[in-house]
Amino acid sequence: MTALTEIRLRNFRSYDGAWLNGLAPSFVVLIGPNGVGKTNFLEAVSLLSPGKGLRNADSKDFQNIHHIAQPWGVSAKVNTSYGPITIGTERDPIKDRRVVHIQGEKIKNQ
């Protein structure tokens, strides 16, 4: 079974930075008032799998508008049947597209 144990956001949508750790391998419930960023976390998780994410949005749509100079990024620690790995995705500011990293190595295809 594959399970997220930690996720970090950098300049992602409404977040300058955020970190959730100690996530259970079963269900995780995010609670809070409307507009605090619960869906932003779900969207960040959706970008850790192949595709364009929850909303099928362009890479530039994830950028925190208050921190344009520093590109957005999402990273996570994941327990897999092969052991723990680190995965991440971020906006390449030069090519203005999303790039994916597994164990710190940039990969060519999702």
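Relevant structure appears above.
Attention here is on the structure that accompanies the text. Just so you know, these numbers come straight off a predicted model, no measurement behind them.

1. Concerning the overall build of the chain
Okay, step 1: Scanning the chain for helices and strands turns up 1 helix and 6 strands.
Okay, step 2: The order of α-helices and β-strands along the chain, N terminus first, is β-β-α-β-β-β-β.
Okay, step 3: Considering only C-alpha atoms, the chain reaches an extent of 40 × 35 × 20 Å along its principal axes.
Okay, step 4: Per-residue burial over the chain gives 34% buried out of 110 residues.
Okay, step 5: When contacts within the chain are restricted to residue pairs at least 6 apart in sequence, those whose partners lie at least 24 apart make up 48%.
Okay, step 6: Taking the average location of the 14 positive side-chain charges in the chain and that of its 9 negative ones, the two points are 2 Å from each other.

2. Examining the sheet that holds strand β3 (residues 73–80)
Note on sheets: strands pair through backbone hydrogen bonds, and any given pair is parallel or antiparallel.
Okay, step 1: The 6 strands are arranged β2-β1-β3-β4-β5-β6 in an open sheet whose pairing can be described as antiparallel. Lying at the two open borders of the sheet, with one neighbouring strand each, are β2 (15–21) and β6 (105–107). Across this sheet, the average inter-strand angle for adjacent strands is 20°, counted without regard to direction.
Okay, step 2: As judged from the 7 bridges shared by strand β1 (residues 3–12) and β3, these two strands associate in the antiparallel manner. Following the sheet pairing, I7 is matched in β3 by A76.
Okay, step 3: Packing of helix α1 (residues 38–46) onto the sheet brings it into contact with β1, β2 and β3, and relative to β1 it is tilted by some 110°.

Criteria and cut-off values
Residues numbered from 1 in each chain as written. Predicted model: local features only at pLDDT ≥ 70, side-chain atom pairs only at ≥ 80, totals over all residues. Heavy atoms only, no water. Helix = DSSP H or I, 4+ residues; strand = E, 2+ residues; numbered from the N terminus. Buried < 20%, exposed > 50% of the residue type's maximum accessible area, 1.4 Å probe, protein only. Contact = heavy atoms within 4.5 Å. Lys, Arg positive; Asp, Glu negative; His and termini not counted. Charge placed at Lys NZ, Arg CZ, Asp CG, Glu CD. Pairing = 2+ DSSP bridges. Axes fitted to C-alpha atoms, helices over the stretch in contact; angles between N-to-C directions.

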